Amino acid sequence: MYDGFLFHGLTWETLLAWCGVTLGLIVLNELARSHKWIALSLFVVLPLILPFALWIPYTATPGSGASTGTWFHWVKVYSAIAGCLGFLIIRYWGTGKKGCNNNCNINDTPNRKIPKALLLFPPFILSINILEACIRDFQVYGFHAHGQIIDGVVMMSGPWNIMNGIAGILNILTISGFLGIYVSQDKSRDMIWPDMKWFWIIAYDLWNFAYVYNCVSDHAFYAGAALLVSCTIPAFFIKKGAWLQHRAQTLAFWMMFTMSVPTFVDSPRLGVPSSHDPRALFTVSAIALAANLAVFIYHFYKIRKNHRNPLKDEIYV
């Protein structure tokens, strides 16, 4: 067993479990990408069956004794699923082809039939989810906690909460180019967001990991690190430009899994608790703030240099 700077109780077994979670989420994401009817089965049929077959009787009600027996987890799982369904509507809206910009190839022709109003959904739901987490970081700071259990989680309040809340706000302010979203015309019909570049994704990952580490610290090994890696790998190596689609689908799968097996992240055998070290909390949030500040400066430098409107134009394409 190894106790590190960020986590305690690392073993070969927990590392294998981490790899299994990451790989499992990637495989499920690829299944959801492969065909419309598979995606509908996973995001419509399964969420209708699980509450009655498993969650309400056994794993996710107030009387079950599980950490998932709160309204927050129910809202979170269905809000993630709602994002996936919204993206499915965009992906299968139409089949019309009309020209191509410099970012396209033979399989990636923009689908110009997508109404502009519908293209507001991806940045809206992304911004709301980031903002909710920022508010939670500020709330945890207000707890002035020093290792107390609040909402079933060990809390450590400090300046890291404020730093990471600011990092999240900067992350929202650098969202751009959503009117340039299009649907790839290959078999998977992915929702492509060309203006969402790798440096924004990395800044988001650092911020989101810091949020989970600050506010749900003992779950961060899986719900932070594994979950983020499972959507970043496909965005970099499998289907570039579709990061938000990957993120929504892996998050939905993870939430359904934790609702079904709530003891997984807290089990003595596979659970990996945070070190709860103020130095680790400060370091993680400082890195997230520095990364998002750098992206923010670069983002508005590009806007000014190229005379772009971030609410209408693609900044990087």
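Quick caveat: nothing in here was measured; it's all calculated off a predicted structure. (Residues numbered from 1 in each chain as written. Predicted model: local features only at pLDDT ≥ 70, side-chain atom pairs only at ≥ 80, totals over all residues. Heavy atoms only, no water.)

## Here's the deal with the overall build of the protein chain
Convention followed: For the purposes of this entry, the term helix denotes a DSSP run of H or I that reaches at least four residues, the term strand denotes a run of E that reaches at least two, and both are numbered from the N terminus. Every radius of gyration here is taken over C-alpha atoms, with the globule rule written as 2.2 Å times N^0.38, N being the number of residues. For each residue, the accessible area found with a 1.4 Å probe, counting protein chains only, is set against the maximum for its type, and the residue is called buried under 20%, exposed over 50%, and partly exposed in between. The contact criterion used throughout is that any non-hydrogen atoms of two residues lie within 4.5 Å. Charge assignment in this entry is limited to Lys and Arg as positive and Asp and Glu as negative, and neither His nor the chain termini are counted. In this description, the location of a charge corresponds to atom NZ of lysine, CZ of arginine, CG of aspartate or CD of glutamate.
Helix and strand counts for the protein chain stand at 9 helices and 4 strands. When the helices and strands of the protein chain are listed from N to C terminus, the series reads α-α-α-α-β-β-α-β-β-α-α-α-α. Computed over its C-alpha atoms, the radius of gyration of the protein chain comes to 20 Å, within 12% of the 20 Å expected for a compact globule of 317 residues. Across its three principal directions, the C-alpha atoms of the protein chain cover 55 × 45 × 35 Å. Looking at the protein chain as a whole, 53% of its 317 residues are labelled buried. If you take every contact in the protein chain between residues at least 6 apart in sequence, the share linking residues at least 24 apart comes to 73%. Placing the 23 positive and 16 negative side-chain charges of the protein chain at their respective mean positions leaves the two points 14 Å apart.

## Observations concerning the packing of aromatic side chains
Selection rule: A pair of aromatic rings is counted whenever rings of Phe, Tyr or Trp (Trp by its six-membered ring) have centres within 6.5 Å, and the orientation is called stacked for planes under 30 degrees apart, edge-to-face for over 60 and tilted otherwise.
Counting across every chain of the model gives 26 aromatic pairs. Each ring, one from Phe296 and one from Phe300, has its centre 4.8 Å from the other, and the planes form 50 degrees; the classification is tilted. A residue pair is termed a helical-turn pair when its members lie 3 or 4 positions apart in one helix, as Phe296 and Phe300 do in helix 9 (residues 278–306) at 4 residues. Phe300 sits in the partly exposed class, given a relative accessible area of 36%. Joined through ring pairs, the aromatic side chains of Phe7, Trp18, Phe209, Tyr213, Phe221, Tyr222, Trp254, Phe257 and Phe264 make up one cluster.

## Considering helix 9
What counts is decided by this rule: Multiplying one less than the number of residues by 1.5 Å gives the expected span of a helix.
In a regular helix each residue adds 1.5 Å, so 29 residues correspond to 42 Å; helix 9 covers 42 Å between its end C-alpha atoms and thus fits that length. Taken residue by residue, helix 9 has Ala280, Leu281, Val284, Ser285, Ala288, Ala291, Asn292, Val295, His299, Lys302 and Ile303 as its buried positions. Among the structural elements, strand 2 (153–156), helix 5 (159–173) and helix 6 (198–215) are those in contact with the buried residues of helix 9. Two residues or fewer after helix 9 comes His307, characterised by a positive phi angle close to 55 degrees.

## A word on the nonpolar core
In summary, soluble globular proteins display a tendency toward joint burial of nonpolar side chains. To keep things clear, this is the line we draw: The set of buried Ala, Val, Leu, Ile, Met, Phe, Trp, Tyr and Cys residues whose side-chain atoms join them within 4.5 Å is what this entry labels a nonpolar core.
Counting residues in hydrophobic clusters, the biggest one holds 87 residues, and the most contacted among them are Phe43, Leu126, Trp200, Tyr222, Trp243 and Trp254. With 12 residues, the single largest contributor to this core is helix 6. With near-sequence residues (within four places) excluded, Trp243 lies in contact with Leu126, Met196, Trp200, Ile201, Tyr204, Asp205, Cys231, Thr232 and Ala235.

## What about unusual backbone geometry?
With a phi angle near 50 degrees, His144 is a residue other than glycine that sits in the positive phi range. Its location among the elements puts His144 in the loop between helix 4 (121–143) and strand 1 (146–150). With a relative accessible area of 53%, His144 lands in the exposed category. You will see that His276, though not glycine, has its phi angle at about 55 degrees, which is positive.

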